[in-house]
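Topology and contacts: notes
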Amino acid sequence: MSQHKPFVPPSVQMKEFTLRALLLGLVMCVVLGAANAYLGLKAGQTIAATYPAAVIGMAVLRLFKDATILEENIARTAGSIGESVAAGAVFTIPAFVISHSWMDFSPGVAYWKSTALMMIGSILGVLFVSLVRRVLVEDPDLPFPESVAASQIHKAGQMGAEAAKHLFYNMATGAIVLLASAFNVFAPDKDWFFPMGSIGASSLRLGPLGSTNRLATGGVTVFSGPTISPAYIGVGYVIGPKLASLNFSGSVLAWGLMIPLLIYFLGPQLHAFLPPGSTGDESWLGVANAVWRYIVRPVAVGGMLTGASYTLYKMRKSLGIGLARAFKEMKAGAAPEATTARTDRYMSSRVVLFGIFVVFSLMIVLYSYLAHGIVAGATAAVVMLVVGFCFATVSGYLVGVIGSSNNPISGLTLSTLIIAALLMVALGVRGADGVIAVLGVAAVVCVSSAVAGELLQDFKVGYILGGTPRSIQIVELMAVVLASAVMYFPLLVLHQGNINAGGIGFGDRHLAAPQAGLMASLAQGIVGGDMAWPLIVAGILMGISMIMIGVKSPMLVAIGMYLPVGTTFAIFIGGIVRWITDTLATKRGMNEAQRTRIESVGVLAASGMIAGEALMGLVTATFSFFNWPLPIVFKDPSYTLGLVVMVVLGIILVQVPLRNAGRPEDPAPPAVIM
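Below is a short write-up of the structure. Keep in mind the model is a prediction, meaning the values are calculated, not measured. (Residues numbered from 1 in each chain as written. Predicted model: local features only at pLDDT ≥ 70, side-chain atom pairs only at ≥ 80, totals over all residues. Heavy atoms only, no water.)

A count of helical and extended segments in the chain gives 22 helices and four strands. When contacts within the chain are restricted to residue pairs at least 6 apart in sequence, long-range pairs at least 24 apart make up 86% of them. With an accessible surface of roughly 25900 Å², the chain has 67% of that area assigned to carbon and sulfur atoms. (Helix = DSSP H or I, 4+ residues; strand = E, 2+ residues; numbered from the N terminus. Contact = heavy atoms within 4.5 Å. Areas by Shrake-Rupley, 256 points an atom, 1.4 Å probe, with all protein chains shown as cover.)

Okay, structure coming up:
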């Protein structure tokens, strides 16, 4: 087996951990983290920040003539980790509010709790993966697809300006479209109502012909058009037509089958909940949403539970190998620094273990406070330490196999939550205190696993480029501390802004937070005894049936049932746009290098739209947070005009990549592997 040779040899000394690279990386960490917080709460998904961070870092640092590739790597490393903190935060922190464990999400009450959970999880993620960094990074059998792609982007630095152009132009496009929607230039959503029989006239015979055993039926159901959103369309483009179709199929199942049937059979009873004298279609909208929220969503929770379990089952061999290698590396220890090259120097195991001990002590204090009991707090801390280390290692291994974009963080967190919940019940800790302790464990594990996976990906990029591991560790620790300290504020702005705009905050139709809703439901159900178990079991069986008929991702279908149909419809449109682009490339006879270039440009353009809308969405949410009015162009905006905007976005995502396919003889660029 040939010896690994990094791009920058160990003997070469060049600028790496500089103040400008650090500051640029920290700014990107906060900005891209906040953008992913927005996307995760609204669409239930986040996107990898590695590629935007690499492109932005190169574009800015290239303004300095003496910038080096290792500086660019440090900036990208710091800039990309904010997405992982954001993912861990949006998947779990809103669960405290949705479950009513935290009745107040104001800064004076919730800031320090949220920040403590995120910071503990982030630091542990860095420390955990530092113990097993060597064996995983140097494993030749782990492909690390996204790390290889990111390193190739750095090596192909001369393409940085062109890539930055696609990213920034489409960030502006996403921001402008979001502003137009906020100013009521067009309507971003529209509902259509369909009668399911007629109240007082429709009935269903439950017996043979002539039987008088009849059931009164009838009502009005609703279906929504795609939300006009560059971010949702961008997400669909990035994940591709197959996954986007699976996601949308969940909404079709919910709003095309389950809700119409429930409205048809329950209509006469549901009619009693309408306002007196109200018979119009609009009055049924609240009823249909209530049916979705309180009947269909618990079924979706059961489906997500099956989907997460199935994902972990499929990866059982990888999980076992990852844990075995982790313990083997810990036993082996690290070589003395004097005998190690610059490219193989990282924090000593003693420093890392001491850091873990300090954080563990703080965890006992935090969990004891949250659960109002030292036994429950200590138990929760031990569970978090053991399970957190195992899953942080597993997360790192899975990133090496499939990349961080496809890392099943929610599935790992869900397993942790169930373990912690059952232990709380066994200890006799029930009610609100038990729910808080369980969610606290889940939050730390979720953030820890997400950060561990991203850090290992960054370690691999540094390994390929010839970066210094210790510098990467230090900059990651600084970045996750900063991200943890500020990530509460995007959550607060979005939550309170939604409330000020007439919503309910986390869990609202426009701020669905599906993973957090799942965590809240399970914690309340197991510990608090407040779960609609028949509906959950029905969802579990539905998920099993999907597995039996060969559905690729039951989890994605269940999330589609949980999210608003307008959201998944828009994501589906984005997937269709990606399919059109790929089909046209194939029909035009483009070779593999050209198709790779099309994919890279398309994903960067879509990522730009996502980031642009997300950042401007945070700006408009800030206006709502402070009750500052936005200018209104039309009192009754047109949804048809919104559809025209969506078509324009689709044309951009088709034409821009195809126009930049290059010549057949041009070498292939680094592939943006999602």
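Below, the discussion takes up the pattern of salt bridges. In this structure the tally under the stated criterion is seven salt bridges. When the shortest N-O distance is used, the salt bridge between aspartate 66 and lysine 15 registers 2.5 Å. One end of the pair, aspartate 66, is in the loop between α2 (50-61) and α3 (69-98); the other, lysine 15, is in the segment before α1 (19-43), and 51 residues separate them in sequence. Taking the relative accessible area as the measure of exposure, aspartate 66 reaches 39% and is therefore partly exposed. Owing to a relative accessible area of 39%, lysine 15 belongs among the partly exposed residues under this scheme. Where arginine 76 meets aspartate 458, a salt bridge forms, and the shortest distance between an N and an O atom there is 2.8 Å. On the criterion of sequence distance, the pair formed by arginine 76 in helix α3 and aspartate 458 in helix α14 (residues 431-465) is long-range, its members being 382 residues apart. Comparing arginine 76 with aspartate 458 shows no difference in burial state: the two are buried. Overlapping salt bridges bring together Lys15, Arg20, Asp66 and Glu71 as one network. (Salt bridge = Lys/Arg side-chain N within 4 Å of Asp/Glu carboxyl O. Buried < 20%, exposed > 50% of the residue type's maximum accessible area, 1.4 Å probe, protein only.)

All right, on to unusual backbone geometry then. Here histidine 100, not a glycine, exhibits a phi torsion of approximately 65 degrees, which is positive. In this structure, histidine 100 sits in the loop between α3 and α4 (107-131). Taking relative accessible area as the criterion, histidine 100 reaches 54% and is therefore assigned exposed. For asparagine 184, which is not glycine, the phi dihedral falls at a positive 60 degrees. For asparagine 184, the location among the structural elements is in the loop between α7 (160-182) and β1 (191-196).

Residues Trp533, Val537, Leu541, Ile544, Met548 and Ile549 make up a contiguous nonpolar surface patch of roughly 650 Å² in combined accessible area. Mapped onto the elements, leucine 541 comes out in helix α18 (residues 533-548). On the basis of relative accessible area, leucine 541 is assigned to the exposed category, the value being 53%. (Patch = residues over 30% accessible without salt bridge, like charges linked within 9 Å, V, L, I, M, F, W, Y side chains within 5 Å.)

Here asparagine 170 lies in helix α7. In contact with asparagine 170, not counting residues within four places along its chain, are Ala605, Gly608, Met609 and Ile652.

On to the packing of aromatic side chains. Tallying each qualifying case throughout the model produces 15 aromatic pairs. Ring centres of phenylalanine 248 and phenylalanine 572 lie 4.9 Å apart, and the angle between their planes is 20 degrees; this geometry places the pair in the stacked category. In this pair, phenylalanine 248 is assigned in helix α8 (residues 230-270) and phenylalanine 572 in helix α20 (residues 565-587), connecting sequence segments 324 residues apart. Centroid distance phenylalanine 623 to tryptophan 628: 5.4 Å. Interplanar angle 80 degrees. Geometry classified as edge-to-face. (Phe/Tyr/Trp six-rings, centres within 6.5 Å; stacked < 30°, edge-to-face > 60°.)

Along an α-helix, a turn takes 3.6 residues, which lines up residues three or four apart on a common side. Its 16 residues give α18 an end-to-end C-alpha distance of 22 Å, which sits within 8% of 22 Å, the value for a rise of 1.5 Å per residue. Glycine 550 lies just past α18 and shows a positive phi near 85 degrees. (Expected span 1.5 Å × (residues − 1).)

Turning to the environment of alanine 34, a few remarks are in order. The residue alanine 34 is located in helix α1 in this model. Residue class for alanine 34 comes out buried when judged on its relative accessible area of 9%. For the pair alanine 34 and methionine 487, spaced 453 residues apart in sequence, the C-alpha to C-alpha distance is 6.7 Å. Non-local contacts of alanine 34, meaning those with residues more than four positions away in its chain, are made with Met487, Pro490 and Leu618.

Before going further, it helps to spend a moment on the side chain of arginine 297. The residue arginine 297 is located in helix α9 (residues 282-314) in this model. In contact with arginine 297, not counting residues within four places along its chain, are Trp292, Gly507, Ala512 and Tyr562.

Turning our eyes to something else, we now look at the nonpolar core. Residues Phe105, Leu117, Leu124, Met363, Tyr367, Met384 and Leu491 are the most contacted members of the largest nonpolar core, which totals 152 residues. Setting aside anything within four residues of it in sequence, one finds phenylalanine 105 in contact with Ile93, Val97, Ala110, Ser114, Tyr488, Leu491, Leu492, His495 and Phe506. Ala231, Val238, Ala244 and Met609 belong to the second-largest nonpolar core, a separate cluster that totals 33 residues. (Core = buried A, V, L, I, M, F, W, Y, C linked by side-chain atoms within 4.5 Å.)

Relative orientation of the contacting elements helix α16 (residues 488-500) and helix α21 (residues 592-625) amounts to 55 degrees, with a least axis distance of 8 Å. In terms of orientation, α16 and α21 fall into the oblique class. At the point where α16 passes α21, the crossing takes the left-handed sense. Within the contact between the two elements, α16 uses Pro490, Leu492, Val493, Leu494, Gln496, Gly497 and Asn500 and α21 uses Leu618, Ala621, Thr622, Ser624 and Phe625. Residue composition of the contact of α16 with α21, grouped by class: seven nonpolar, five polar and no charged. (Axes fitted to C-alpha atoms, helices over the stretch in contact; angles between N-to-C directions. Parallel < 35°, antiparallel > 145°, perpendicular 65-115°, else oblique. Left-handed = near helix turned anticlockwise from the far one by under 90°. Nonpolar A, V, L, I, M, F, W, Y, C, P; charged D, E, K, R; others polar.)

Moving on, we get to α8. Relative to the 60 Å expected for 41 residues at 1.5 Å per residue, α8 spans just 36 Å between its end C-alpha atoms, considerably shorter than the ideal helical length. For α8, the principal kink sits at glycine 240 and spans about 120 degrees; a proline, proline 241, occurs within the next four residues. (Bend = angle between axes of the 7 residues up to and from the residue.)

This next bit is on the environment of serine 395. Among the structural elements, serine 395 can be located in helix α12 (residues 374-402). Linking serine 395 and leucine 456, residues 61 residues apart in sequence, is a C-alpha distance of 9.0 Å.

A few words now on the pairing of strand β4 (residues 219-224). As a general feature of sheets, a regular strand has side chains that alternate between the two faces. Extensive coverage of β4 is indicated by the burial of five of its six residues. Both β1 and β4 contribute to a ladder of six bridges, which runs antiparallel. Directly across from methionine 196, in β4, lies its bridge partner glycine 219. (Pairing = 2+ DSSP bridges.)

Once that is clear, we can look at the packing of α1 against α3. Direction vectors running N to C along α1 and α3 enclose 30 degrees, while the axes themselves pass 7 Å from each other. Classified by the angle between their axes, α1 and α3 sit roughly parallel to one another. The handedness of the crossing between α1 and α3 comes out as right-handed. Broken down by class, the residue content of the contact of α1 with α3 amounts to 15 nonpolar, six polar and four charged.

Counting through the fold element by element, proline 94 comes out in helix α3. Residue class for proline 94 comes out buried when judged on its relative accessible area of 0%. Leave out the neighbours within four places in its chain, and proline 94 touches Leu41, Ala89, Phe506, Ala513 and Ala516.

Scope: geometric values only; no functional claims are made or implied.
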